[in-house]
Every structure is written in structure tokens, then in C-alpha cells.
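Results of the structural survey
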Amino acid sequence: MENIIFIGMPAVGKSTVGVVVAKRLGYQFMDTDLLIQEEEGNLLREIIEEKGIVGFLEIEDRVNARVEVHNTVISPGGSVVYCENAMKHYKEIGTVVYLMASYETINKRLKSAKNRGVVLRDGQTLKDLYDERVPLFERYADLTVCEDGLKLEDTIDKVIEALQSA
Ligand SMILES: Nc1ncnc2c1ncn2[C@@H]1O[C@H](COP(=O)(O)OP(=O)(O)OP(=O)(O)O)[C@@H](O)[C@H]1O
Ligand SMILES: O=C(O)C1=C[C@@H](O)[C@@H](O)[C@H](O)C1
Ligand SMILES: [Mg+2]
């Protein structure tokens, strides 16, 4: 396995699960949200406030499409599936894992979507966002792991099993 790239809704656990999966496999870990913040010198929600959604997605696409790593678990932000160049690149450099959870699970976890810096257009509800993104996650996924009803540790085990039997 060259690299493992997690996609999925915000708060599904791409970063939390990703770092532990990396540790268990002896891989490096990269959270590209942190790369974006470092390059821009601002928090994600500040970038979205200042540059708007289109501006943020341009930055997200550029930063993710430039990632050159080996044996690394990569956890991008949930909105990376809107970034065509980035997703084309990720399909070339690794296995894309869709970490899936029901709308109800995501809704419970995302207490304040705006503070977290979610790419939510004016008037768009979290349910609208969920329904818009699911087909994109399904289009790009090499593997799908459903975490509904699982504890964090069980989700991590399930991801590793899915990767090993792929
Ligand atoms: N079964 C589970 N699997 C994954 N995360 C869980 C689970 N149960 C609870 N959590 C919690 O859900 C949160 C997931 O947040 P995390 O920042 O990892 O999401 P993310 O997918 O990286 O989001 P973003 O797209 O905003 O980067 C954490 O607080 C984690 O502890
Ligand atoms: O799912 C989203 O819309 C986002 C999630 C964050 O991780 C960031 O990537 C960004 O703030 C957008
Ligand atoms: Mg994350």
C-alpha cells in the first residue's frame, strides 16, 4: 500500500482514526487541513470567511494536489471531494477509504458546523450537504468502511481489516 487517503463527512473521524491507523501500520501521518493553515497563516474558518467558499476550495485543491509522500496516511478535510485535481492525484498515489457514518451520527458530532469551518453555502443545511457529498464519496472510494454503532477503537480495527483484505 503506497498511501491511504481518508474521505468522508466532517467529524466522521478522518483525522482521529487516520493518525491511529498510521501508527498501527507503521506509516507516517499527514493532516492536510494543517498544511493549509500553515501555508495560509490562518485558521480554516478564517480562510473561508476571508476568501469565500470558492477561494477556500481553490487553496484546498492546490495544497492537496501537491502532496508527495510515501507510506503515509493522509487525512484531508471533508470538502476535498469538491477538488478535482486533488482527487485525481489521490486516486493515483494511494487507496482512497470512505469513512462512512449516517447523517444522524454526523449531526450529533457537529455541534457547531460554522466554528469548525465547514464548507456550507448560505441556506444549505447539514442534511443538504450530506446528500450532496455522499455520491462524491462513493464515486472516489476504493474502499468504504461504515462506523455506525462502533466505538473509535472498533472503527480503527475495521479500517485495518478492510485494508488488509483489499
Ligand atoms: N466511532 C468513531 N469513529 C471516529 N470518530 C469518533 C467515533 N466516535 C466518536 N468520534 C469522535 O468524532 C470526532 C471526529 O473528528 P475528526 O476531527 O477526526 O473528524 P474529521 O473527519 O477529521 O473532520 P474534518 O473533515 O473536519 O477534518 C472526534 O472527536 C472523535 O473522538
Ligand atoms: O467538510 C468541510 O466542509 C470542511 C472540513 C474541514 O476539515 C476543512 O477542510 C474545511 O474547513 C471544510
Ligand atoms: Mg480532519
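Conventions used here
- Residues numbered from 1 in each chain as written.
- Chains lettered and ligands numbered in written order.
- Predicted model: local features only at pLDDT ≥ 70, side-chain atom pairs only at ≥ 80, totals over all residues.
- Heavy atoms only, no water.
- Near = heavy atom within 4 Å.
- Polar contact = N/O pair within 3.5 Å; in protein donor to acceptor, adjacent residues only side chain to side chain.
- Areas by Shrake-Rupley, 256 points an atom, 1.4 Å probe, with all protein chains shown as cover.
- 1 Å grid on protein atoms, 1.4 Å probe; cavity = no way out; pocket = protein on both sides within 12 Å on 5 of 7 lines; lining within 4 Å.
- Sits in = over half its atoms within 2 Å of the grid points.
- Helix = DSSP H or I, 4+ residues; strand = E, 2+ residues; numbered from the N terminus.

The next thing to look at is the site of ligand 2. Around ligand 2, the structure places 13 residues, and the nearest of them are D33, G77, G117, V119 and R133. At 3.3 Å, a backbone N or O of S79 approaches an oxygen atom of ligand 2. Interatomic distance of 2.7 Å between a side-chain N/O atom of R133 and an oxygen atom of ligand 2. For ligand 2, the protein covers 94% of the area, taking 310 Å² as the surface of the free molecule. Structurally, ligand 2 is housed in the largest pocket.

Around ligand 1 lies a shell of 19 residues, among which A11, K14, S15, T16 and R116 are the nearest. Take V12: an N or O atom from its main chain is 3.4 Å from an oxygen atom of ligand 1. In isolation ligand 1 has 650 Å² of accessible area, and contact with the protein removes 74% of it. Comparing atom positions with the cavity grids shows ligand 1 to sit within the largest pocket. For the shell around ligand 1, the elements supplying multiple residues, two or more each, are helix 1 (14–25) and helix 8 (152–164). Element by element, the count of residues in the shell around ligand 1 is highest for helix 1, at four residues.

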